[in-house]
Amino acid sequence: MTREQTINLGAGPSTLPTSVLTEAARDILDYQGTGMGVIELSHRSSTFQNLLKQTENDLRKLADIPDEYAVLFVQGGGTDQFSATLLNLLAAYASRNPDAPTPAVDYVVSGAWSNKAIKEAQRLFPRVNVACDVRKNIGDASQPIPRPSQWNLSQDAALLYYCDNETIHGLEFPVDFIQELPEDYRKRVPIVADCSSNILSRPVNIRDHGIVFFGAQKNIGPSGLTIVVVRRDLVVDPDALQAQYLPPIPTMLVYKNMLDNGSLYNTPPMFPIYVSGLVFQKLLAEGGVPSITKVNQDKADAVYGALLASPNVYRLNVAHADFRSKMNITFRVLGEDGEPSEEAEAAFIKLCGEHHIVQIKGHRSVGGVRTSIYNATSLEQAQTLASVINKFAGK
Ligand SMILES: Cc1ncc(COP(=O)(O)O)c(C=O)c1O
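Just so it is clear, the structure is predicted and the values come from calculations on it, not from any experiment.

Draft legend 1. Representation of the sheet that holds strand 11 (residues 314–316). Ordered by their spatial adjacency, three strands build an open sheet running 11-12-14, and the pairing between neighbours is antiparallel. Among the strands making up the open sheet, the edge pair consists of strand 11 and strand 14 (369–372). Going across the sheet, the axis of each strand differs from the next one's by a mean of 35 degrees, ignoring polarity. Two elements, strand 11 and strand 12 (residues 328–333), share three bridges in a ladder whose sense is antiparallel. The residue bridging Arg315 from the neighbouring strand is Arg332, located in strand 12. The strands that helix 9 (residues 342–354) touches are strand 11, strand 12 and strand 14; relative to strand 12, the one it contacts most, it runs at about 125 degrees.

Have a look at this one:
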């Protein structure tokens, strides 16, 4: 199969724009006439530092990141941020409330990734509160997901954590959903969003959050890079604090170390940073987040429209239209008895393969089919998927 033919709908690492990879292929041998490839430069060279600065500036423009937020380029994946967000925000709480007893931390559980985050928090900290667990409602149209005003919130929370787009379950919160949290809570409690699988696919209001983090390997670039956008006043030195509940934080997880050293505390993930920078430039040239939001809406409309047109053949995993992800569309294929059928799913995946649509098997924990239509998937490719969905249903 050739690259031109292939429609790669993998959930991550996922498809990247061909023009970006073509440029990267050239620069990997010789970056800007230095005679050295971009991954052979010293990370302390002015060439790389300029690249890093440009990448940060472009991201700031794209995501509308105000100056009072720092942008950190780190390693360790989204998974490291499950502990880093918790530990750094406990330190920020201890710094603001030096004499307060152990605070609580609030978590919204909406799928596999926020569940991993809360599990990590429970390993590290005793007062973890489930603000809301919507997992049992995902497939149930009659049980709406509670509005934030109904969540079980702690009076003394050091953070509220949620995952904006659950890559495995295909549940995405509506834009600005968390603005429905009580105003006094929002002012008091830093909100953490894991936007790994929907960043730059639609607007996210950074100012509503204490931290927004995302792994690169879906909408942005190669794996190996995670970007943390954190309000500067939340970045404190944990070693200067006395709070009994605050465990020592491993050096690489301390945001202050990254901030004070311009993300160059140690050797950064240079190649993913470089490729992400190219993706940012491309997105800016094409009209930024407002333009891609519209394209993504059209893509999602095409695919969901085809699935919903054949309810006796497909069952969407997320029942509520408002919560269906525009990035990861997850569904079951039904057998003749109207129930999910692995055999029917295998036949569907086979037909997709014949149309060069690949990497669409659902995550092993939920089964079924998952088609990920990130920014680099074109409207035309999504329409091809929709036509195969229709073709299969017509058989
Ligand atoms: C929403 C979300 N959060 C976190 C992660 C974990 O990221 P990583 O594999 O980079 O640790 C993933 C991975 O797919 C994800 O989709």
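Now, onward.
Draft legend 2. Summary view of a nonpolar patch on the surface. Together, Ile28, Leu29 and Ile39 make up an exposed nonpolar region whose accessible area comes to about 280 Å². The residue Ile28 is located in the loop between helix 1 (18–27) and helix 2 (46–63) in this model. Classification of Ile28 by relative accessible area gives partly exposed; the value is 31%.

Draft legend 3. Looking closely at the pairing of strand 9 (residues 211–215). For strand 9, the buried fraction is high: five of the five residues fall into the buried class. By the alternation rule, side chains of strand 9 split into Ile211, Phe213 and Gly215 and Val212 and Phe214, which are all buried. Bridge count between strand 8 (residues 191–194) and strand 9: three bridges; the pairing is parallel. Note that in strand 9 the partner of Val192 across the bridge is Ile211. Two strands pair when backbone bridges link them, and strand 9 and strand 10 (residues 226–231) are joined in this way by five bridges, in the antiparallel orientation. Bridging from a neighbouring strand, Ile211 pairs with Val230 of strand 10.

Draft legend 4. Focus on the domain arrangement of the chain. Each domain of the chain was delimited in the assignment, giving domain 1 (46–283) and domain 2 (288–394). For domain 1 versus domain 2, the separation of C-alpha centres amounts to 29 Å. The partner domain 2 presents 23 residues to the 28 residues of domain 1 that form the contact. Taken over both partners, the interface formed by domain 1 and domain 2 buries close to 2100 Å², and the fraction arising from carbon and sulfur atoms is 58%. Its largest share of buried area at the contact with domain 2, domain 1 owes to Ile168, Glu172 and Leu283, together 25% of the area lost on that side. Counting the contacts that link domain 1 with domain 2 gives 14 residue pairs in polar contact (both at pLDDT 80 or more). Among the residues making up the side of domain 1 that touches domain 2, the classes are represented as 13 nonpolar, eleven polar and four charged.

Draft legend 5. Just the layout of surface pockets, in detail. Looking at the largest pocket, its volume works out to about 460 Å³. Along the walls of the largest pocket sit 20 residues, with Leu16, Pro17, Thr18, Ala376 and Thr377 positioned nearest its centre. Elements with a contribution of two residues or more to the lining of the largest pocket: helix 7 (270–285) and helix 8 (288–308). The element best represented in the lining of the largest pocket is helix 7, accounting for three residues. For the lining of the largest pocket, a count of residues per class yields seven nonpolar, nine polar and four charged.

Draft legend 6. Looking closely at the sheet that holds strand 2 (residues 69–74). Taken in spatial order, the seven strands of this open sheet run 2-10-9-8-5-3-4, and their pairing is mixed. Strand pairing shows two members of the sheet lacking a second neighbour, strand 2 and strand 4 (128–133), which therefore form its edges. With direction set aside, neighbouring strand axes in the sheet form an average angle of 15 degrees. Here strand 3 (residues 104–109) runs beside strand 5 (residues 157–163); their pairing, made up of three bridges, is parallel. Paired with Asp106 across the strands is Leu160, a residue of strand 5.

Draft legend 7. Region of interest: the site of the ligand. Around the ligand, a shell composed of 13 residues is seen, among which Thr79, Thr167, Asp194, Gln217 and Lys218 lie nearest. Between the ligand and the protein, one listed contact pairs an oxygen atom with a backbone N or O atom of Gly78 at 3.1 Å. In the model, a nitrogen atom of the ligand is placed 2.6 Å from a nitrogen or oxygen of the Asp194 side chain. Starting from 390 Å² of accessible surface for the ligand in isolation, the protein chains cover 84%. With four residues, the single largest contributor to the shell around the ligand is helix 3 (residues 77–96). For the shell around the ligand, the per-class residue count stands at three nonpolar, eight polar and two charged.

Draft legend 8. Just the nonpolar core, in detail. Ranked by size, the top nonpolar core spans 60 residues in total, and within it Leu59, Leu160, Leu200 and Ile227 carry the most contacts. Ranked by residue count, the leading element in this core is helix 7, at eight residues. Each of two domains, domain 1 (46–283) and domain 2 (288–394), supplies a minimum of three residues to this core. Setting aside its immediate chain neighbours within four residues, Leu160 contacts Asp106, Val108, Ala131, Trp151, Leu153, Leu181, Tyr185, Val189, Pro190, Ile191 and Val192. Counting residues in hydrophobic clusters, the runner-up holds 40 residues, among them Tyr93, Val128, Val228 and Val230.

Draft legend 9. Quick peek at helix 4 (residues 112–124). With 13 residues, helix 4 extends 19 Å from end C-alpha to end C-alpha; this agrees with the ideal 18 Å at 1.5 Å per step. Within helix 4, burial applies to Ala112, Ser114, Asn115, Ala117, Ile118, Glu120 and Ala121. Buried positions along helix 4 lie against helix 3, strand 3, strand 4, strand 5 and strand 6 (165–166).

Rules of the game
Residues numbered from 1 in each chain as written. Predicted model: local features only at pLDDT ≥ 70, side-chain atom pairs only at ≥ 80, totals over all residues. Heavy atoms only, no water. Pairing = 2+ DSSP bridges. Helix = DSSP H or I, 4+ residues; strand = E, 2+ residues; numbered from the N terminus. Axes fitted to C-alpha atoms, helices over the stretch in contact; angles between N-to-C directions. Contact = heavy atoms within 4.5 Å. Patch = residues over 30% accessible without salt bridge, like charges linked within 9 Å, V, L, I, M, F, W, Y side chains within 5 Å. Areas by Shrake-Rupley, 256 points an atom, 1.4 Å probe, with all protein chains shown as cover. Salt bridge = Lys/Arg side-chain N within 4 Å of Asp/Glu carboxyl O. Buried < 20%, exposed > 50% of the residue type's maximum accessible area, 1.4 Å probe, protein only. Domains from an automatic or database assignment. Buried area = accessible area lost by both parts, 1.4 Å probe. Polar contact = N/O pair within 3.5 Å; in protein donor to acceptor, adjacent residues only side chain to side chain. Nonpolar A, V, L, I, M, F, W, Y, C, P; charged D, E, K, R; others polar. 1 Å grid on protein atoms, 1.4 Å probe; cavity = no way out; pocket = protein on both sides within 12 Å on 5 of 7 lines; lining within 4 Å. Points joined across faces, edges and corners; volume = space filled by probe spheres on them. Near = heavy atom within 4 Å. Core = buried A, V, L, I, M, F, W, Y, C linked by side-chain atoms within 4.5 Å. Expected span 1.5 Å × (residues − 1).

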